[in-house]
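# Geometric and topological summary
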Amino acid sequence: MAMNSRTPATADHPVLRVQPASPAAAAAYFGASLAFHADVSDVAAALAADGDPGFVVLDSRSTASWDQGHIPGAVHLPTALIPEQAAALLDPAVPVVTYCWGPGCNGATRAALALAQLGYQVKEMLGGFEYWAREGFAYETWEGGERRAADPLTAPGDAADCGC
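Here the structure is a predicted model, which means the values were calculated and not measured.

Moving on to the packing of aromatic side chains. Summed over the entire model, instances satisfying the criterion amount to 4 aromatic pairs. Arranged with centres 5.0 Å apart and planes meeting at 80°, the rings of Y29 and F30 form a pair that is edge-to-face. Judged by relative accessible area, Y29 falls into the exposed class, the value being 56%. The interplanar angle of 90° and the centroid separation of 5.2 Å between the aromatic rings of F129 and Y139 together place this pair among those described as edge-to-face. Here F129 is found in helix α6 (residues 128-134), whereas its partner Y139 is found in strand β6 (residues 139-141), with 10 residues between them in sequence. F129 gets classed as buried once you look at its relative accessible area, which sits at 6%. Residue classification places Y139 among the buried residues on the basis of a relative accessible area of 3%. The structure contains a cluster of three or more aromatic residues connected by ring pairs, namely W101, F129 and Y139. Its guanidinium or amino end placed over the ring of W101, R61 lies 4.4 Å from that ring's centre, counting from NZ or CZ. Above the ring of Y131, the side-chain terminus of R134 is found at 4.8 Å from the ring centroid.

Here it is, written out as structure tokens:
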């Protein structure tokens, strides 16, 4: 006898112990998520295109971290300094995309919160600087420009994009 997705056996399964949200709730959640987050590849593509990307990228890490590597053209503004320096560095009419080290760091989230509390439109770049470098995008250090080979686990080696 075939089991369907509503059989009692799913209650013991760790994935389905809590049932998935309804399609309407899932659409609302994932739509909202895209309003709050940007993908590294999408940010890179927008910055590489001709013209104004329509946003500014903000690196919320320390000066030592910035010197180790940052996205070309990014604004450097450590999270702790946002309340006192954002108005001098950022146009409130231009959306801001924040980043920090990577997925294990919530610095970009804290920076996005601080900017939102000041009235800025803001998104967080998922993956942070770690995935920027791992996907093979160029970055700047205190010594000049650098680029690493793309990690095949994060970016396709022979395709223009991952197809997401």
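Before going further, it helps to spend a moment on the side chain of S60. Inspection of the secondary structure assignment puts S60 in the loop between β2 (56-59) and α3 (63-68). On the accessibility criterion, S60 (8% relative accessible area) is buried. Beyond its immediate sequence surroundings of up to four residues, S60 is in contact with L77, P78, T79, Y99, C100, G107, A108 and A111.

To continue, consider the environment of G104. Mapping G104 onto the fold places it in the loop between β4 (96-99) and α5 (107-117). G104 sits in the exposed class, given a relative accessible area of 85%. C-alpha of G104 to C-alpha of E130: the two residues are 26 residues apart in sequence and 9.7 Å apart in space.

Taken in spatial order, the 5 strands line up as β1-β5-β4-β2-β3 in an open sheet, and their pairing is parallel. The open sheet is flanked by β1 (37-39) and β3 (75-76), the only strands paired with a single partner. Judged from the 3 bridges that link them, β1 and strand β5 (residues 122-126) form a sheet pairing that is parallel. Across the sheet, residue A38 finds its bridge partner in β5, namely M125. α5 rests against β2, β4 and β5 of the sheet, and its axis sits at about 150° to β4.

Cut-off values and rules
- Residues numbered from 1 in each chain as written.
- Predicted model: local features only at pLDDT ≥ 70, side-chain atom pairs only at ≥ 80, totals over all residues.
- Heavy atoms only, no water.
- Phe/Tyr/Trp six-rings, centres within 6.5 Å; stacked < 30°, edge-to-face > 60°.
- Buried < 20%, exposed > 50% of the residue type's maximum accessible area, 1.4 Å probe, protein only.
- Helix = DSSP H or I, 4+ residues; strand = E, 2+ residues; numbered from the N terminus.
- Lys NZ or Arg CZ within 6 Å of the ring centre and 35° of its normal.
- Contact = heavy atoms within 4.5 Å.
- Pairing = 2+ DSSP bridges.
- Axes fitted to C-alpha atoms, helices over the stretch in contact; angles between N-to-C directions.

Read these as layout, nothing more, since geometry by itself doesn't imply function.
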